[in-house]
Amino acid sequence: MSNSSLKAVIALGANLSMRESGPKVTLQKGIDAISRHGVVIRAVSRFFETPCFPPGAGPDYVNAAALIETDKNPLEVLQLLHEVEHEYGRERIQRWGMRTLDLDMICYGDLVLPDRAEFARWLNLPSEVQKQQAPEELILPHPRLQDRAFVLVPMADVAPDWRHPVLGRTVIEMLADLPAEDIEAVTPL
């Protein structure tokens, strides 16, 4: 890696089988696919079983997080993630629907994209609107990461001290802010 490489965190999730492989196998294959595209995997969290989000939208998920290092810019990483998702049968039909493989860029160093004002708009979007709208551009850090135990628990395995560039809180601090029942629902496999 060159001096210009940056570390990023990717959240991985799956709740549908693909090609007779369960979600855990698909997540591992997704990690392997990312590494074949010039991205260095620095750490992978434990795999966790998590309740489907939103509740009732399908079977429970297997979730994980990967700390990566890359020379690619955030949009190139996002394109790579979409290509790997497609390779593993992901169809973008329903927001927050069932998935064979879901890869989300959670953070890319301390970058805020596209800018702080647009990030703040997505951060403060009412939950009912979130269910209906998806951003048309990359928003970083992921505007919901601080609300989701299924992201923060695995992320704590690979980047516990990463500090949110807008909220000013580490992964461990954001995790401590969540209700205990949310955290307890994320169980290691």
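The model shown is predicted, which means the values in this text are computed figures rather than measured ones. (Residues numbered from 1 in each chain as written. Predicted model: local features only at pLDDT ≥ 70, side-chain atom pairs only at ≥ 80, totals over all residues. Heavy atoms only, no water.)

A.B. asks: I would appreciate a short explanation of the nonpolar core in the present structure.
C.D. replies: Buried together is how nonpolar side chains tend to be arranged in soluble globular proteins. If you look at the biggest cluster of nonpolar residues, it comprises 25 residues, and the most contacted ones within it are Leu-27, Val-84, Leu-103 and Met-105. Of all the secondary structure elements, the ones that give two or more residues to this core are strand 1 (6-14), helix 1 (23-35), strand 4 (61-70), helix 2 (74-87) and strand 5 (102-108). Ranked by size, the runner-up nonpolar core spans 22 residues in total, among them Ala-65, Met-155, Val-158 and Leu-178. (Core = buried A, V, L, I, M, F, W, Y, C linked by side-chain atoms within 4.5 Å. Buried < 20%, exposed > 50% of the residue type's maximum accessible area, 1.4 Å probe, protein only. Helix = DSSP H or I, 4+ residues; strand = E, 2+ residues; numbered from the N terminus.)

A.B. asks: Looking at this model, I keep getting lost on the side chain of Glu-118. Mind explaining?
C.D. replies: Assignment of secondary structure puts Glu-118 in helix 3 (residues 116-123). Classification of Glu-118 by relative accessible area gives buried; the value is 18%. Setting aside residues up to four positions removed in sequence, Glu-118 forms contacts with Glu-137 and Ile-139. (Contact = heavy atoms within 4.5 Å.)

A.B. asks: Explanation requested: the pattern of salt bridges in the structure shown.
C.D. replies: Any two side chains of opposite charge can pair, so long as their charged atoms come close to each other. For the structure shown, the criterion picks out seven salt bridges. Taking the shortest distance from any N to any O, the salt bridge between Glu-69 and Arg-42 comes out at 2.7 Å. Of the two residues, Glu-69 sits in strand 4 while Arg-42 sits in strand 2 (residues 40-44), which places them 27 residues apart along the sequence. Since its relative accessible area comes to 46%, Arg-42 is described here as partly exposed. Of the charged contacts in the structure, one is a salt bridge between Asp-147 and Arg-144, with a shortest N-O distance of 3.2 Å. (Salt bridge = Lys/Arg side-chain N within 4 Å of Asp/Glu carboxyl O.)

A.B. asks: What is the right way to read the side chain of His-142 from this model?
C.D. replies: With respect to the helices, strands and loops of the structure, His-142 is situated in the loop between helix 4 (127-130) and helix 5 (149-158). At 3.1 Å, the side chain of His-142 and the backbone nitrogen of Arg-144 are in polar contact. (Polar contact = N/O pair within 3.5 Å; in protein donor to acceptor, adjacent residues only side chain to side chain.)

A.B. asks: Just to check I follow, could you spell out the packing of helix 1 against helix 2 for this structure?
C.D. replies: For any two helices packed against each other, the geometry comes down to the angle between their axes and how far apart the axes lie. The N-to-C vectors of helix 1 and helix 2 enclose an angle of 135 degrees; their axes lie 10 Å apart at closest approach. Taken together, the axes of helix 1 and helix 2 are oblique relative to one another. Read as a crossing pair, helix 1 and helix 2 show a hand that is right-handed. The residues of helix 2 that touch helix 1, namely those facing Gly-30, Ala-33 and Ile-34, are Leu-80, Leu-81 and Val-84. (Axes fitted to C-alpha atoms, helices over the stretch in contact; angles between N-to-C directions. Parallel < 35°, antiparallel > 145°, perpendicular 65-115°, else oblique. Left-handed = near helix turned anticlockwise from the far one by under 90°.)

A.B. asks: Where do I start with the environment of Val-171 in this structure?
C.D. replies: As for its position among the elements, Val-171 is in helix 6 (residues 171-176). Relative accessible area serves as the criterion here: at 0%, Val-171 is assigned to the buried category. Put simply, Val-171 and Val-151 are 20 residues apart on the chain and 9.8 Å apart in space, counted from C-alpha to C-alpha. Contact partners of Val-171, with chain neighbours within four places excluded, come to Leu-152, Met-155, Ala-156, Ala-159, Pro-160 and Trp-162.

A.B. asks: What is the right way to look at the confidence of the model for the chain in this model?
C.D. replies: For any part of a model where pLDDT is low, the fine detail of the predicted coordinates should not be relied upon. Averaged over the chain, the pLDDT score is 88; the fraction of residues at 70 or greater is 88%. Across the chain, the secondary-structure element scoring lowest on mean pLDDT is helix 4, at 74, and the one scoring highest is helix 6, at 98. (pLDDT = per-residue confidence, 0-100.)

A.B. asks: Is there a simple way to explain the pairing of strand 5 in this structure?
C.D. replies: The side chains of a regular strand alternate, residue by residue, between the two faces of the sheet. Burial of strand 5 is extensive: six of the seven residues sit out of reach of the surface. The pairing of strand 1 with strand 5 spans six bridges and is antiparallel. When the sheet's bridge partners are listed, Gly-13 is paired in strand 5 with Asp-102. (Pairing = 2+ DSSP bridges.)

A.B. asks: How should helix 3 be read in this particular structure?
C.D. replies: The α-helix winds at 3.6 residues per turn, so residues separated by three or four positions along the chain end up facing the same way. Buried within helix 3 are the following residues: Glu-118, Phe-119, Trp-122 and Leu-123. For helix 3, the arc enclosing every buried residue in end-on projection is 140 degrees, short of the 170-degree limit, so these residues lie on one face. Where helix 3 begins, the side chain of Asp-115 points an oxygen toward the backbone nitrogen of Ala-117, at a separation of 3.1 Å. (Arc of directions from axis to C-beta.)

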